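A structural walkthrough
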Amino acid sequence: KEEVEKGSGKGSGAEKIFPMSSSSSSTKKLKEFRDTKGALAKRYKSLISYTETTPPEELKSFFEAEASQIWSVFLDTFQNYEQQKSPRKFEEIERLLSIMRNIFQYLPIKVKEKWQIRSIASILEKLLYKDNKYEVRQLGLELLMMFLDVLDSPDPPQSIIFSYVIDCTPFIAQYPNARIVIHTKVPSCPDKAQLLLPSATGSPTSEESIDIMAHFLNIITSQDRLFEFGWNLFRKYYVPLFYPDVSKDIGLLDKTAQDVGFSHHCPYEVQKLVIQKLAIWTANERMGRVLWANDTNIAILMEIYKQSVRLPMEYIEITRMSIQLFHRLLMEQNAPSQSPLFRNFQKFFLEELPNLFLVGDVSKNTTDQRTALCTEILDLFSKAFKHPENLTIELRDVLLFILLEILDTLLKRDNPNPELVKRLAPLAIHTLFYTWISSKCTDKEMWTRLQEGLAPIFHREETVSQIRLTLLQLSTVLRQFIYPVPQAKEKPKLEGSNPNRKKDVQPITPDDEKAPLVFKEEDNPLANLSWTFEYASFVWNSILKIFNATNRMKDPSVHAQAIQAIGDIMHLFLVAESKAPLEIILKMEAEQKSSVPLTLLDTFGPLLFESCRLDDKFVKSKCLAFEALARTICRYQKANEVPHSILPHFFDVIHNILCNPSPGDLLTYSVLDTTSNIFNLGLPGTTVLIPYYISEIKRVLKEGKGITVSVVRKCVILLGSMISLTSQFDDVEIQMKFYGHLQRQNFKSTLEIQDQEKLTCKELRSQIFSILHNLLKSNNNLEIKCMCVWTLYEMALDQLFYYPEVSLIKEIIEILLSVTTYAVGPDTSDQLVGISALDALTGFAQVNSELVSVDEKLRNLITEGIAKNVQKELENPNLDKEHLLCAHFEALIEWLMLVPDLLDENMMKLISTLISSGIHINRKITSPPVPNDKKPATEETTVYKASLKYTAMFMFNLLMHGHRHFPAIPGIEFSPSVLNDTDDTNLTMDEIPYFIYNGEVILSAVEITDPDHPQHKKARLFARTPAGKFAWDFVVNQLREKEVSQADPAPLTVDNTFVAPGSASPARPRVRKSELLDVPFSSESLPVYSPSEDDNLDKIDELLLHLGKKYSNLVPSGLNNLLQPVLLPEQYLPDIAAMQSAYIAQAAEDSTYLQKAPKTLLLPPMTPRYKRGGNDNAESTSALMKSYSVQRILTQLGYVGDTMDSIKLVEQTKVFQLKIRNLDKMPCRDVIKVGLLYVGQGQESQGEILANDDASDMYKEFVAGMTWTVEMATHKGYKAGLDENGSTGKTASYFAGPLLELMFHEVVKMPTTDPKNGQHLLKKRHVGNDMVHVIWSENIRDYNPRTIVSQFNNAHIIISPLQNGLFRVTIAKKPEVPVFGPLIHGMTVSKRLLPLLVRQTAINAHRYCYMDKHDSPFAVRSRALSDIITKSTTKTTWEDTIYGVLIKPPPAIGESTGSNTSSATGSPLISGDLKKAPGTPSSLTKSPSGGKQNEE
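Figured I'd write up the structure that's included with this text.

Definitions and limits used
- Residues numbered from 1 in each chain as written.
- Predicted model: local features only at pLDDT ≥ 70, side-chain atom pairs only at ≥ 80, totals over all residues.
- Heavy atoms only, no water.
- Helix = DSSP H or I, 4+ residues; strand = E, 2+ residues; numbered from the N terminus.
- Expected span 1.5 Å × (residues − 1).
- Contact = heavy atoms within 4.5 Å.
- Axes fitted to C-alpha atoms, helices over the stretch in contact; angles between N-to-C directions.
- Left-handed = near helix turned anticlockwise from the far one by under 90°.
- Nonpolar A, V, L, I, M, F, W, Y, C, P; charged D, E, K, R; others polar.
- Buried < 20%, exposed > 50% of the residue type's maximum accessible area, 1.4 Å probe, protein only.
- Lys, Arg positive; Asp, Glu negative; His and termini not counted.
- Salt bridge = Lys/Arg side-chain N within 4 Å of Asp/Glu carboxyl O.
- Core = buried A, V, L, I, M, F, W, Y, C linked by side-chain atoms within 4.5 Å.
- Pairing = 2+ DSSP bridges.
- Phe/Tyr/Trp six-rings, centres within 6.5 Å; stacked < 30°, edge-to-face > 60°.
- Lys NZ or Arg CZ within 6 Å of the ring centre and 35° of its normal.

Quick look at helix 51 (residues 1214-1225) now. In an α-helix, one full turn covers 3.6 residues, which means residues spaced three or four apart are oriented alike. Compared with an ideal rise of 1.5 Å per residue, which puts 12 residues at 16 Å, helix 51 spans 17 Å between its outermost C-alpha atoms and is within 8% of the ideal. Close packing links the buried residues of helix 51 with strand 3 (994-997), strand 4 (1001-1009), strand 5 (1017-1025), strand 6 (1028-1034), strand 8 (1207-1210) and helix 56 (1417-1432).

Interaxial distance between helix 53 (residues 1257-1266) and helix 55 (residues 1394-1409) falls to 8 Å at its minimum, and their mutual angle equals 65 degrees. With respect to the hand of their crossing, helix 53 and helix 55 are arranged in right-handed fashion. Contacts between helix 53 and helix 55 involve Phe-1262, Gly-1265 and Met-1266 from the former and Leu-1394, Pro-1395, Val-1398 and Arg-1399 from the latter. Looking at the contact of helix 53 with helix 55, its residues break down into five nonpolar, one polar and one charged.

Now for the side chain of Glu-850. Mapped onto the elements of the fold, Glu-850 is located in helix 41 (residues 848-854). Arg-1392 provides the closest opposite charge to the buried, unpaired Glu-850, separated from it by 4.6 Å. The residues contacting Glu-850, other than those within four sequence positions of it, are Leu-800 and Phe-801.

This next bit is on unusual backbone geometry. That bond from Gly-1381 to Pro-1382 is cis: its omega, 10 degrees, falls within 30 degrees of zero. Assignment of secondary structure puts Pro-1382 in the loop between strand 15 (1367-1373) and strand 16 (1388-1389). If you check the backbone angles, Gln-116 has positive phi at about 55 degrees while not being a glycine. Mapping Gln-116 onto the fold places it in the loop between helix 9 (108-112) and helix 10 (117-127). Here Gln-116 falls in the buried class, since its relative accessible area comes to 18%.

Here the focus is the nonpolar core. In this structure, Phe-326, Ile-437, Ile-678, Tyr-693 and Phe-844 are the most contacted members of the largest nonpolar core, which totals 390 residues. With 14 residues, helix 38 (residues 782-801) is the largest single contributor of residues to this core. Excluding residues within four positions of it along the chain, Phe-844 makes contact with Tyr-793, Ala-796, Leu-797, Ile-813, Leu-816, Leu-851, Ile-862 and Trp-895. Ile-1008, Phe-1216, Leu-1425 and Ile-1428 belong to the second-largest nonpolar core, a separate cluster that totals 15 residues.

Our focus in this paragraph is the sheet that holds strand 15. Taken in spatial order, the eight strands of this open sheet run 10-11-12-9-13-14-15-16, and their pairing is mixed. Edge positions in the sheet fall to strand 10 (1268-1271) and strand 16, since each has one partner strand and no second. For strand 10 and strand 11 (residues 1291-1297), the ladder comprises four bridges, and the chain directions are antiparallel. Within strand 11, the residue paired with Val-1270 across the bridge is Ala-1292. Taken strand by strand, helix 53 contacts strand 9 (1230-1239), strand 11, strand 12 (1300-1306), strand 13 (1332-1337), strand 14 (1355-1361) and strand 15, and its axis lies near 170 degrees from that of strand 9.

So, on to the pattern of salt bridges. Applying the stated rule across the entire model yields 42 salt bridges. Here Arg-713 makes a salt bridge to Glu-783, at a shortest N to O gap of 3.0 Å. Of this pair, Arg-713 sits in helix 35 (residues 709-728) while Glu-783 is found in helix 38, placing the two residues 70 residues apart along the sequence. Residue Arg-713 is classed as buried on the basis of its relative accessible area, which comes to 10%.

Below, the discussion takes up the packing of aromatic side chains. All chains considered together, the criterion is met by 51 aromatic pairs. Relative to Phe-262, the ring of Phe-242 lies with its centre 6.2 Å away and its plane at 20 degrees, an arrangement referred to as stacked. In this pair, Phe-242 is assigned in helix 15 (residues 239-242) and Phe-262 in the loop between helix 16 (244-250) and helix 17 (268-283), connecting sequence segments 20 residues apart. The residues Phe-242 and Phe-262 share a single accessibility class, namely buried. Following the ring pairs from residue to residue traces out a cluster consisting of Phe-162, Phe-171, Tyr-175, Phe-216, Phe-227, Trp-231, Phe-234, Tyr-237, Tyr-238, Phe-242, Phe-262 and Trp-281. Positioned above the aromatic ring of Phe-33 is the side chain of Arg-43, whose terminal nitrogen or guanidinium carbon lies 5.5 Å from the ring centre.

So, on to the pairing of strand 12. Where a strand is regular, its side chains alternate between the two sheet faces. The element strand 12 is extensively covered by neighbouring structure, given that seven of its seven residues are classed as buried. Every second residue of strand 12 is oriented toward a common face, with Leu-1300, Leu-1302, Phe-1304 and Glu-1306 on one face and Glu-1301, Met-1303 and His-1305 on the other, all of them buried. Bridge analysis of strand 9 against strand 12 gives seven bridges, and the strand direction is parallel. Its bridge partner being in strand 12, Ile-1232 is matched across the sheet by Leu-1302. For strand 11 and strand 12, the ladder comprises five bridges, and the chain directions are antiparallel. Residue pairing across strands places Gly-1297 opposite Leu-1300, the latter belonging to strand 12. Between strand 11 and the antiparallel strand that follows it, strand 12, lie two residues.

Here it is, written out as structure tokens:
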């Protein structure tokens, strides 16, 4: 008012006070406002209306011109509001205060000059009364900030108003036990009636205080120019309250002040708000500069961070935000400040992080939240070391030691939250090692600090587990430097290939069964770091030193985990060495570098040997330690061999374990499992361990407590590897050593020996036999039983060849015979034990000469035993064993064909019975159900794999045609269907008679020149049966000159002695009982058959006599009994007389002809006197009887006689001829092809092995003992795809037996056609398609079954010569292939036995791979033969054909009819409608003179 009055004196009238506006509209609006005598309400209304509608440009001029009047109206109105009794609305207050806002906006200079400053301050103070409603106080804050901003540098009276903004008293309630002093309090209104808008709660709540504080911070955040000013205000008035401790340090608060502010911690909601705003401020460059401008601000930020990481769990998100914020500010960005305090802040930031790993609340929710937060913190450490070059050495060390402190904090023994430890410990330890390794620090003192820091927590499971993983990851890095493996080339994907096709399963050995490491190399974070060999070695060895304290652990389970880690690391390097290219190994050896196995033994050997001698509470650790040693020492590795100085220590550990069994036999099982190859490596001195191994094997197998199939399998492997070794040192005595009397007694009790201190190898071999025998009887696992069978067989052969002990060999044979019928189910796999035993017994046939030299009865024991076993089974036929019964037949076939002398009269009867029983057995087979997705089997897919009937027929055919004719005269490679001279397929169709006998055999005959007498002819009869095509040569008897005149006409028919499969034997003449016993016959009683009587008695005669006497009405008139023939009626007598006369006349003519014929001619055929009525033309069938010798043999066999019903004719078409030729091409024996590879020293790749065209002398000697070398140009047997022209080699390795042909695809005998590109496709084409490979390896380490890449190589038999003169056998096979023998994995074999056993093993491996997967040759031929017979049988009867032939007049004597021309012949008695026909004796083909009289 004073100013207004003063201003009125300056002008002359109203115009001077209220200058006219240029705008008439503005003048009109302001008319009431300018009326100084008008009502205040009208003037205010006019003013407010004008300010709300006028543009800012005009308002600025207006406010500058009317400042005094505007303030007068505003102040009067505000005072009226204070005095007003009626309630006011906030909108009215806000509208009024808009005038003050405009004053600060349009009159900043006047305000800055302190115009009305006291009034403004008073109004602002009133607005900030804590009794006011929050909205009023918020509005007062906004006006205060505008006011202070205008003042720029306000005096204390004005700036202190800011301390009234935030009322901190509501936060005191959060500190119930603390005394808190607030030095600046927000004033209250003295007269509550004067409050503009009273608060409903009276005083502000904590939420309202937080809201108004947030509003303040938003104000200074929204305007960069206000931030520094606002921050300084906040720091001056509120930081001392919220952060009193640091305020004292930086001078914001008197150090002597007591209980001022929130000394324990800043109110949590305030802390939350500050952190949220800090995140915004630090992201703004200008604001960030303000915050980092001085040490005071930095100290405040440090305190803010400190308190944020100590917030309770409900504010964990703020804690996370704070950590992320300060990590970004301190660790990721360039330093915003060069102050030393900033460096301290960095350390301080890291040092506070371990506090977050201290566990308070252990509830599940808080544990989850804390786990997530701590995981992020650990991740921040990892990120810090992604670029370690950006870290100073000091900061790097701080980071590393803080991590070590975090780990110590987390893994303290008294940690109350084991769940958090379980979740975080692996990550914390991993982060520790990752950062330590990534730091590239090579300071030994730093790594020593790490080892010392981990020592207190090395006893924890989490520590050991993570150190193991880290070392494995490090080992993979180090491995690449020691054994660099070239990257495998990615195979191009073929078009149309199925990407989801299941990968082929690779062959494995029993030694490959170790579980893979629980470690995925592709997830190795250390692999992405930059490495050098020196740094990798340094880090690896530094971390390994942590394990020096392993044997000081008290907890057995953690100790076992530590030993397991060591074992895994060693295993990783051993596997890497086995897969590394050999040239690397040889290079290391040449450079005299320590190989990894030696480094591992040097590093871990003392620790592992010490662990093996701990007490029994560490039994698991002892097992793991021994397994690690065994894997390193018991390896077939000639390069970098383990020094012999280590072997005594290793043997002593084995001896100690075997003589002191641990509880539960875990240690014993570990020794048996991991050293199963100790005797097949040629290690010196292993024989001293044989007694202890045998004793423990015998004990654990007998007790069988918790023993697994894997351990039992390894026991059999161990026993198999000892057999040849004990034979090599048969009479050598082994001195035994024990640690005490109890050990000695237990040992001798187990082996059932007396007080002996020495045992010979011969005695040990008897113990091996006893163990195998008992295991075969007691164990129910089929694989174990099969392994026992084959091991016993190998022992018998070993005895047979070296130290013949008849009783032992005989006992083994009897044991094998006892299990030939063992089966547990209908599937072939269920009968594998019996099949294996039969294969073993059949194998003895290959060493028949050795058996005879020892005891001839042994072979009879085998064959009779097999025959009686199958006879016993056939008495009670069980079709579930059909495959096994067929195997019995096949075993007998093999023996009888190879040793024909065994088929004596008794054996012949037994075999005949077996064949008959097998053919006629009552079979009821239920077809297996057909899955919905598969079609039922058709005729073409029907299998005959295990048909007892077909096998019996096969045996009958093979013995009938092949017994004593094996091997064939041309050579063993000739199967029955392969002929080397005249064959019926070499002639034209009309020259060969084909017919079907008994519906099962196709017969044909040709006439050939007798090789012994070229001037003579003989007949060759062909019988095509399912068992093969057999050829029989027949020579007609030639009469001596003196006998011709005296001889009666030779009968042209004889009894039919050809017994077809399935038909009955010829009947013997029946004898009457009365004649046999030479006593009168009594017909009073009905004759009854007695089993004791001869089967040849004629019971019909006796029955007829009995019936005729008892029932006389049955006897015809004129006769005495029913045995007398009934006379023909008289009307038939003339015809009978005519027939008799015709026969006598014919006989007389023949006799006369014979007397007149030349003496050198063969016996002439008879000329038929009768012809079949109405059938004079037989041209269509004349080809059947063109040779006399053929006619004669067919007549002799009864095919041209009265057995016509058994004969069917063939419709001889081109299709028939093609089918016949295809039938002859079908093999009659199993055909097997096996790959034979030579691996020289240093050869490991496919190209190197296939490039071999020569081999060592020992290999050649081995092959010569296993096979025969055949010339491919002349070889007529199975060729297995090899070319007879020599493109695949001029010679090949071949073997054949009665039931099989075996051709080896021998790589060294095949020419190397493409040596440059290394593909060797010619060799790979054959070897790659073989199911079985025999590998002779002279390489310095084990052959890898995956060397020859193919999906067909299912089984590998690997032979490795040893330095002790024996040969090591390794068997690798795919899991689906059943166990086969006689060689089993791990065996050692002598040189003499090796070829035989390898050949038998290769044969069995091939058969077992295909077991139940393909038809036998007999089955294939059976189907083909049945198809030919069914589709080629003609409707013309045999009888019609014969008559057609017989009625054709023969040529006259002397006429030429060709080289093989002859007359037809026939039966002397022909039934049917016969009439006499004229004829003359037929002419004869000239017979060579001087022929030898033969008949076969």
